[in-house]
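# Commentary on secondary and tertiary structure
Chain by chain, the residues:
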Amino acid sequence: MIVDFEGKRFYVKFYYINSDNHRILTHCQIICDDGEKRFILNTGTSYKHPNDNFVKDYGRKIALRRALELNENLKKQFLFANDEQYLLFRKTVWKRYFEFTNKPYLYKEKKKK
């Protein structure tokens, strides 16, 4: 999945790993390409319990949510000048994810008082 945000291109990739004990891992990588170099911005992983049914969409959502949880150092060092820009990036990635999966995007703006 490709996400363009403020002149940078981000690649969101999902990998599925089936372990010996019937525990499937969904691994998500967010890769940033700023035109000069490519680097892994962050990763996230979700784990299926051996007694649960594997649902690819749930695993991807959890792994993507964990990959989007950037700490303050990553936010400042690589991309985002402030929290508003970071939240806009998260919103853009989620919107692109729902376009990618053909699922409805049910985000509602919070009313400001």
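These remarks concern the structure in this document. The model shown is predicted, which means the values in this text are computed figures rather than measured ones.

What follows is about the pattern of salt bridges. Here the structure, examined in full by the defined rule, presents six salt bridges. One salt bridge connects Arg 38 with Asp 33, and the closest N-O pair in it is separated by 3.6 Å. Owing to a relative accessible area of 52%, Arg 38 belongs among the exposed residues under this scheme. Relative accessible area serves as the criterion here: at 19%, Asp 33 is assigned to the buried category. A single network of salt bridges, built from pairs that share partners, joins Asp 57, Arg 60 and Lys 61.

Looking now at the packing of aromatic side chains. Inspection of the entire model under this criterion finds seven aromatic pairs. For the pair Trp 94 and Tyr 97, a centre-to-centre distance of 5.8 Å together with 85° between the ring planes defines the contact as edge-to-face. Of this pair, Trp 94 and Tyr 97 are both found in helix 3 (residues 83-101), three residues apart, which corresponds to roughly one turn of the helix. By relative accessible area, which is 17% here, Trp 94 ends up buried. Each member of the aromatic cluster is reached from another via a ring pair, and the members are Phe 14, Trp 94, Tyr 97 and Phe 98.

What follows concerns unusual backbone geometry. A positive phi is found at Glu 6, a non-glycine position, where the angle reads about 50°. Secondary-structure assignment places Glu 6 in the loop between strand 1 (2-5) and strand 2 (8-18).

The end-to-end C-alpha distance of helix 1 (residues 56-67), which contains 12 residues, comes to 16 Å, matching closely the 16 Å that a straight helix rising 1.5 Å per residue would cover. Burial in helix 1 covers these residues: Asp 57, Gly 59, Arg 60, Ala 63, Leu 64 and Ala 67. Seen end-on, helix 1 carries its buried residues on one side only, within an arc spanning 160°. Considering only its buried residues, helix 1 is in contact with strand 2, strand 3 (24-33), strand 4 (38-47) and helix 3.

Cut-offs applied
Residues numbered from 1 in each chain as written. Predicted model: local features only at pLDDT ≥ 70, side-chain atom pairs only at ≥ 80, totals over all residues. Heavy atoms only, no water. Salt bridge = Lys/Arg side-chain N within 4 Å of Asp/Glu carboxyl O. Buried < 20%, exposed > 50% of the residue type's maximum accessible area, 1.4 Å probe, protein only. Phe/Tyr/Trp six-rings, centres within 6.5 Å; stacked < 30°, edge-to-face > 60°. Helix = DSSP H or I, 4+ residues; strand = E, 2+ residues; numbered from the N terminus. Expected span 1.5 Å × (residues − 1). Arc of directions from axis to C-beta. Contact = heavy atoms within 4.5 Å.

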